[in-house]
Amino acid sequence: SVPKHTTVPQPLRALRGHVREISAVAVSAHLDLAASGAVDGRVLLHTCHNGALVRSITHPEGATIGHLHIASLPHRLLVGAAATSEGRLRVYSLGGACLHTFALAGGIRSVLLTPEHMCVVVGGVSGEVCIWRLD
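Residues numbered from 1 in each chain as written. Predicted model: local features only at pLDDT ≥ 70, side-chain atom pairs only at ≥ 80, totals over all residues. Heavy atoms only, no water.

Draft legend 1. Focus on the overall build of the protein chain. Across its full length, the protein chain carries zero helices and 11 strands. For the protein chain, the C-alpha atoms occupy an extent of roughly 55 × 30 × 30 Å along the three principal directions. In the protein chain, once contacts between residues fewer than 6 apart in sequence are set aside, the share between residues at least 24 apart is 33%. On the protein chain, roughly 7,400 Å² of surface is accessible, and the fraction owed to carbon and sulfur atoms is 57%. Computed over 11 positive and 8 negative side-chain charges, the separation of the two mean positions in the protein chain equals 9 Å. (Helix = DSSP H or I, 4+ residues; strand = E, 2+ residues; numbered from the N terminus. Contact = heavy atoms within 4.5 Å. Areas by Shrake-Rupley, 256 points an atom, 1.4 Å probe, with all protein chains shown as cover. Lys, Arg positive; Asp, Glu negative; His and termini not counted. Charge placed at Lys NZ, Arg CZ, Asp CG, Glu CD.)

Draft legend 2. Spotlight on the pairing of strand β4 (residues 53–58). As defined by bridge partners, strand β3 (residues 42–47) adjoins β4 across five bridges and the pair is classed as antiparallel. The partner of Arg 42 across the bridge, within β4, is Thr 58. Linking two consecutive strands that pair antiparallel, namely β3 and β4, is a turn of five residues; a positive phi of about 80° is found at Gly 51 within it. (Pairing = 2+ DSSP bridges.)

Draft legend 3. Focus on the nonpolar core. Among the nonpolar cores identified, the biggest contains 14 residues, and Ala 35, Val 43, Ile 65, Leu 68, Ile 70, Leu 77 and Val 79 are the most heavily contacted of them. Broken down by secondary-structure element, the contributors of at least two residues to this core are β1 (22–28), β2 (33–38), β3, β5 (65–71) and β6 (76–81). Tallying contributions element by element places β5 first for this core, with three residues. Non-local contacts of Val 79, meaning those with residues more than four positions away in its chain, are made with Val 43, Ile 65, His 67, Leu 68, Arg 88, Leu 89, Arg 90 and Tyr 92. (Core = buried A, V, L, I, M, F, W, Y, C linked by side-chain atoms within 4.5 Å. Buried < 20%, exposed > 50% of the residue type's maximum accessible area, 1.4 Å probe, protein only.)

Draft legend 4. Expanded view of unusual backbone geometry. In this chain, Leu 73 is followed by Pro 74 through a cis amide linkage whose omega measures -5°. Backbone geometry places Asp 32, a non-glycine residue, at a positive phi of 60°. Inspection of the secondary structure puts Asp 32 in the loop between β1 and β2. Even without glycine at this site, His 117 takes up a positive phi of about 65°.

Draft legend 5. Broad picture of the sheet that holds β3. Strand order across the open sheet formed by four strands is β1-β2-β3-β4, with antiparallel pairing between neighbours. Each edge of the open sheet carries a strand with a single partner, namely β1 and β4. The mean angle between the axes of side-by-side strands here comes to 15°, regardless of whether they run parallel or antiparallel. (Axes fitted to C-alpha atoms, helices over the stretch in contact; angles between N-to-C directions.)

In structure tokens, the structure reads:
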């Protein structure tokens, strides 16, 4: 039970639009954007301040989204499937255009943006780590 003097936190914003289970989320306070990915392969990009839907992107194979990152500079959205056998990470402009596809033989296990958001570090199932520039 919650003591009387304790307030229960309330969400600042509810971002809606998915019809299937959410499988990944990302946020950029700098760009005021939040991204959510779902098991049906859809990625929705919303503004944080009012929750407006900015863009909808669908994974080309409709795969469950497992990797999702927003890079502030350059303005990019990184999208990858949840299945480790999927060895591709796609880089989109915030306008929705696919700019690059990074491939890692054997599949992708983990993805990290460097602190300055200029590079992406990808760890593979095969034990390989690759670093790519986003510009």
